[in-house]
Amino acid sequence: MNYDHILYDVAEGVATITLNRPQTLNAFNDAMIAETTAVIKQAGRDEAVRCVVLTGNGRAFSSGQDLADVQSRGDNFSIGAHLRHGYHQLILQMVNLEKPIIGAINGVAAGAGCGVALAADIRVASDRASFMLAFSRVGLIPDSGVNWLLPRLIGQARAYEMAITADKVSAAQALAWGMVNRVVPADQLMATVLAWATSLAAGPTLAYGLTKRAMNKAWTTSLAEALGYEAYLQEIAGRSEDSGEGVLAFLGKREPQFKGR
Ligand code: T3D
């Protein structure tokens, strides 16, 4: 497939999606939202893809919604409908993808761009990256899942502070707060992320996906229900080819050769 606003590359089991509107700091227009959503769906179906990396071209990860695009729509534009048909599909596609997604946060992640960064499972930030809930600067509330995702990562007081001040949070601060997993020098970002992603792509993909499903569901269930769901999913994982291979490899004192199923 050809894309106008993203780049897509698959190598060694890793699909790399690059948001590619650098002249706007990778602001999301409708086409970029739709292309990113579609390509994540495609990565989910493609057995050759076992880990996804999401990054931005140029000096930003994403500046969020393209404000010039919204401005050009006039008074009849419905933000609610726009969110429901656009960003919600993208965020849900990411959170429900049963393969790990690493956000390679190369620069500022603002507004909905921050929401998309938070919907990745793991974030590795460049030391030049920052996070900014820019919404209140344009009189909006956080959207794109930020109200659900961010308090779970850093607590409500910090998340609310970020929302109402719209101040930039540095990569170092984000690391201290638990918003990102690692911070690396800018010139080492993609090498670090691709090395990690390639190693994950050689892992037990089915188990990684079921783990994501179990952890997502656990947010909204009781402990007893979570235990029950773990047992249900573990039954599936325990019968997988990779589980059998993992046990044999351990007993044979050799490295496992996981197939992802
Ligand atoms: O419709 C809906 O669904 C509503 C959903 C809303 C979700 C949201 O995301 S609301 C929040 C939208 N985002 C923002 O408010 C952030 C706007 N951008 C900024 O505040 C700043 O650009 C940054 C802090 C991110 C970076 O600042 P800086 O100084 O490094 O760069 P800059 O000079 O402001 O931007 C560089 C260019 O990108 C500039 O264009 P130019 O002058 O070189 O032609 C700027 O206009 C453009 N740009 C940056 N952000 C956006 C943008 N163009 C359109 N939309 C943007 N969001």
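All values reported here derive from a predicted model rather than from experimental measurement.

Caption draft 1: Examining the environment of Asp-242 more closely. Relative to the helices and strands, Asp-242 is located in helix 11 (residues 241–251). Given the relative accessible area of 4%, Asp-242 is considered buried. Spatially, the C-alpha atom of Asp-242 lies 55 Å from that of Asp-75, the residues being 167 residues apart in sequence. Not counting residues within four places of it along the chain, the set of residues in contact with Asp-242 comprises Gly-203, Pro-204, Thr-205, Phe-258, Lys-259, Gly-260 and Arg-261.

Caption draft 2: Structural detail: the confidence of the model for the protein chain. Averaged over all residues, the pLDDT of the protein chain equals 97, while 100% of them reach at least 70. Per-element confidence in the protein chain ranges from a low mean pLDDT of 94 for helix 2 (residues 67–71) to a high of 99 for strand 5 (residues 101–105).

Caption draft 3: Region of interest: the packing of helix 3 (residues 79–96) against helix 4 (residues 112–119). Relative to each other, helix 3 and helix 4 sit at 20°, their axes nearing to 9 Å. Taken together, the axes of helix 3 and helix 4 lie roughly parallel to each other. In terms of crossing hand, the pair formed by helix 3 and helix 4 is right-handed. The residues of helix 4 that touch helix 3, namely those facing Tyr-87, Leu-90, Ile-91, Met-94 and Val-95, are Ala-112, Gly-115, Val-116 and Ala-119. Of the residues that constitute the contact of helix 3 with helix 4, the class distribution is eight nonpolar, one polar and no charged.

Caption draft 4: Geometry of the sheet that holds strand 4 (residues 60–62). Taken together, the four strands give an open sheet; going across it, the order is 4-6-8-9, and neighbouring strands pair in mixed fashion. Looking at strand neighbours, the two that pair on one side only are strand 4 and strand 9 (169–170), the edges of this open sheet. Where strand 6 (residues 108–110) lies against strand 8 (residues 130–132), three bridges are found, and the strand directions are parallel. For Val-108, the partnering residue across the bridge sits in strand 8 and is Ser-130. Against the sheet, helix 4 engages strand 4, strand 6 and strand 8, with an angle of about 105° to strand 6.

Caption draft 5: A look at unusual backbone geometry. Located in the positive-phi region is Ala-166, a residue other than glycine, with phi close to 55°. Along the chain, Ala-166 falls in the loop between helix 6 (156–165) and strand 9. What makes Ala-166 buried here is its relative accessible area of 1%. Despite not being glycine, Lys-253 has its phi angle at roughly 50°, a positive value. Residue placement: Lys-253 occurs in the segment after helix 11. Its relative accessible area of 78% is what places Lys-253 among the exposed residues.

Caption draft 6: Inspection of the sheet that holds strand 1 (residues 6–11) at higher detail. Here we have six strands laid out as an open sheet, ordered 1-2-3-5-7-10, and mixed in their pairing. The sheet is open, and its two edges are formed by strand 1 and strand 10 (182–184), each paired on a single side. Taking the axes of each pair of neighbouring strands and ignoring which way they run, one obtains an average angle of 20° across the sheet. Note that strand 7 (residues 122–126) and strand 10 share three bridges and pair parallel. In the sheet register, Ala-125 faces strand 10, and the bridge partner there is Val-183.

Caption draft 7: Structural view of the site of the ligand. The full set close to the ligand counts 23 residues, and Arg-59, Ser-63, Gln-65, His-82 and Ala-112 are the nearest of them. Between the ligand and the protein, one listed contact pairs a nitrogen atom with a backbone N or O atom of Leu-67 at 2.9 Å. Relative to its free-state accessible area of 1100 Å², the ligand is covered by the protein chains to the extent of 67%. Only helix 2 and helix 3 provide two or more residues apiece to the shell around the ligand. In terms of residues, the shell around the ligand owes the most to one element, helix 3, which gives four residues. Among the residues forming the shell around the ligand, the class breakdown is 13 nonpolar, seven polar and three charged.

Caption draft 8: Spatial organisation of the layout of surface pockets. Estimates place the volume of the largest pocket at around 530 Å³. Lining the largest pocket are 20 residues, and of these Ala-120, Asp-121, Lys-212, Met-215 and Asn-216 sit closest to its centre. Mapped onto the lining of the largest pocket, the elements with two or more residues apiece are helix 4, strand 7, helix 5 (146–154) and helix 9 (205–218). Top element by residues in the lining of the largest pocket is helix 9. It accounts for five residues. Along the lines of polarity and charge, the residues of the lining of the largest pocket split into 13 nonpolar, two polar and five charged.

What counts and how
Residues numbered from 1 in each chain as written. Predicted model: local features only at pLDDT ≥ 70, side-chain atom pairs only at ≥ 80, totals over all residues. Heavy atoms only, no water. Helix = DSSP H or I, 4+ residues; strand = E, 2+ residues; numbered from the N terminus. Buried < 20%, exposed > 50% of the residue type's maximum accessible area, 1.4 Å probe, protein only. Contact = heavy atoms within 4.5 Å. pLDDT = per-residue confidence, 0-100. Axes fitted to C-alpha atoms, helices over the stretch in contact; angles between N-to-C directions. Parallel < 35°, antiparallel > 145°, perpendicular 65-115°, else oblique. Left-handed = near helix turned anticlockwise from the far one by under 90°. Nonpolar A, V, L, I, M, F, W, Y, C, P; charged D, E, K, R; others polar. Pairing = 2+ DSSP bridges. Near = heavy atom within 4 Å. Polar contact = N/O pair within 3.5 Å; in protein donor to acceptor, adjacent residues only side chain to side chain. Areas by Shrake-Rupley, 256 points an atom, 1.4 Å probe, with all protein chains shown as cover. 1 Å grid on protein atoms, 1.4 Å probe; cavity = no way out; pocket = protein on both sides within 12 Å on 5 of 7 lines; lining within 4 Å. Points joined across faces, edges and corners; volume = space filled by probe spheres on them.

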